[in-house]
Amino acid sequence: MLKVEHLTKVYGTGTVALQDVSFEVEDGEFLVIIGLSGSGKSTLLRSINRLIEPTEGRILWNDVDITALDEAGLRRIRREIGFVFQEFNLVERLPVLTNVLTGRLGYVPPWWSLFYYFPAQDRRRALDALEQVGLADRAHHRASELSGGQKQRVGIARALVQNPKMLLADEPVASLDPVLAHSIMGYLERLNQERGITILCSLHYLDLVQRYATRVIGLRNGRLVFEGTGDDIRHMTDEEFKQIYGEEAQRLGG
Ligand SMILES: Nc1ncnc2c1ncn2[C@@H]1O[C@H](COP(=O)(O)OP(=O)(O)OP(=O)(O)O)[C@@H](O)[C@H]1O
Ligand SMILES: [Mg+2]
C-alpha cells in the first residue's frame, strides 16, 4: 500500500508544483492521475520514487518511509517500483536486450553494470520480458531502429525485469497514436490484472482514463481537487470536470 501524506514540492525557481497532496493507493489498483499541463502530475510520480526530492511531506510504501531512505534503501525500494517514461528513456545506440537489462541494475553490483555485464539468469529474464511485450525477435536490434510503440514496449519490459510490485507510468502513451496507445495501455492493464501489479499512471485523454482507471485523482495547480472511482469519471458532471480543468475547459465530444 502507498500512502502519500501532505506532499509539497517547491522547485529551486520558487514554483510550487505540489501543495499538501495526500492520498492512498491500495495494492492492485490502477490509479490514473489527471490534470492540465503543469498541474504537477510528473512531479508527483517522480517524487514517489525520489527521482525528485520532495520539499515536505511523507511517502509511505508498505510502511517504509521512502522520503527518509538513504542511497542503499532507495536502491532496494526502486526494485519494487518500476518507472515508465513518456519519452521512453532508452539508450538508443545499445541493443534492445541491453536496454531491458538495465532494469536489473538494482540487483547487480554497480561496477558490473559499467561493462553491461549481467548474469545469464538476468539475460533469460530480459528475453522473457521482451517475449511478454511481443518483441523477442528484436532483442539484438539497436533501440534506435524501433518505432515509438515498440520503444515504449521495451520501456515496459525494462520495468518488468525489475519484478516490480508497482509501476509508475508518466504519460506512457502521450507520443503514440490512438491505436498504439490502446495497445500499450492494454499491456499495463494485463500486468495489473494478471500479475497484480499496482499501476499509477498519468494520462491526458479522458477516453483512456475512462477505459482503464479503477480510480482517478485530479490535480490542479499542484493541489488535489478530485478523487473518484473509474465509474465516477465515466459519469463526471460538467462541474467536476471544470474543477479539474478550469472554467474555460470544454469537453470534446459529449
Ligand atoms: N525541474 C523543474 N524546475 C522548476 N520548475 C519545474 C521543474 N519541473 C516542473 N516544474 C514546474 O512545476 C509545475 C508542475 O510541473 P509538472 O511537470 O509536474 O506538470 P505536469 O502535470 O506533469 O505537466 P505536463 O502535463 O505538461 O507533463 C509546472 O509549473 C512546471 O513548470
Ligand atoms: Mg508531465
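Higher on the page you've got the structure.
Residues numbered from 1 in each chain as written. Chains lettered and ligands numbered in written order. Predicted model: local features only at pLDDT ≥ 70, side-chain atom pairs only at ≥ 80, totals over all residues. Heavy atoms only, no water.

Asker: Go over helix α5 (residues 120-132), please, and point to the residues and values.
Answerer: The α-helix advances 3.6 residues per turn, and as a result positions three or four apart in sequence lie on the same side. For α5, built from 13 residues, the straight-helix expectation of 18 Å at 1.5 Å per residue is met to within 8% by its first-to-last C-alpha distance of 19 Å. Every buried residue of α5 is listed here: D122, A126, A129 and L130. Viewed along the axis of α5, the buried residues span an arc of 100°, placing them on a single side of the element. Across α5 from its buried face, at more than 90 degrees, point the exposed residues A120, Q121, R124 and E131. In the core, the buried residues of α5 are packed alongside α3 (96-101) and α6 (148-160). (Helix = DSSP H or I, 4+ residues; strand = E, 2+ residues; numbered from the N terminus. Expected span 1.5 Å × (residues − 1). Buried < 20%, exposed > 50% of the residue type's maximum accessible area, 1.4 Å probe, protein only. Arc of directions from axis to C-beta. Contact = heavy atoms within 4.5 Å.)

Asker: Break down the site of ligand 1 for me, with residues and values.
Answerer: Taken together, 14 residues lie near ligand 1, and S37, G38, K41, S42 and T43 sit nearest. Taking K41, its side chain carries an N or O atom lying 2.7 Å from an oxygen atom of ligand 1. Summarising the interface, the protein chains cover 62% of the accessible area of ligand 1, which totals 640 Å² for the free molecule. Here the shell around ligand 1 takes three residues from helix α1 (residues 41-48), the largest share from any one element. For the shell around ligand 1, a count of residues per class yields three nonpolar, nine polar and two charged. (Near = heavy atom within 4 Å. Polar contact = N/O pair within 3.5 Å; in protein donor to acceptor, adjacent residues only side chain to side chain. Areas by Shrake-Rupley, 256 points an atom, 1.4 Å probe, with all protein chains shown as cover. Nonpolar A, V, L, I, M, F, W, Y, C, P; charged D, E, K, R; others polar.)

Asker: How would you sum up the packing of aromatic side chains? Please name residues and give values.
Answerer: Each aromatic ring pair is specified by the distance between its two centres and by the angle formed by the two planes. In the structure shown here, the tally under the stated rule is two aromatic pairs. The interplanar angle of 40° and the centroid separation of 4.7 Å between the aromatic rings of F83 and F85 together place this pair among those described as tilted. Each member of the pair, F83 together with F85, is buried. Summarising the aromatic geometry, the rings of F241 and Y245 are spaced 5.0 Å apart at their centres and angled 40° between planes, so their arrangement reads as tilted. Of the two residues, F241 and Y245 both sit in helix α10 (residues 238-245), four residues apart, roughly one turn of that helix. When its relative accessible area of 13% is taken as the criterion, Y245 is described as buried. Directly above the ring of Y212 sits R211, whose terminal nitrogen or CZ lies 4.3 Å from the centroid. (Phe/Tyr/Trp six-rings, centres within 6.5 Å; stacked < 30°, edge-to-face > 60°. Lys NZ or Arg CZ within 6 Å of the ring centre and 35° of its normal.)

Asker: Give me the sheet that holds strand β5 (residues 64-65): which residues, what numbers.
Answerer: Strand order in this open sheet of four strands is β2-β1-β4-β5, and the pairing throughout is antiparallel. Two strands bound the open sheet, and with one partner strand each, they are β2 (16-25) and β5. In terms of strand pairing, strand β1 (residues 2-10) meets strand β4 (residues 56-61) through five bridges, oriented antiparallel. Across the sheet, residue L2 finds its bridge partner in β4, namely W61. Those strands touched by α1 are β1, β2 and β4, and its axis lies near 60° from that of β2. (Pairing = 2+ DSSP bridges. Axes fitted to C-alpha atoms, helices over the stretch in contact; angles between N-to-C directions.)

Any link to function would need more than the numbers given here.
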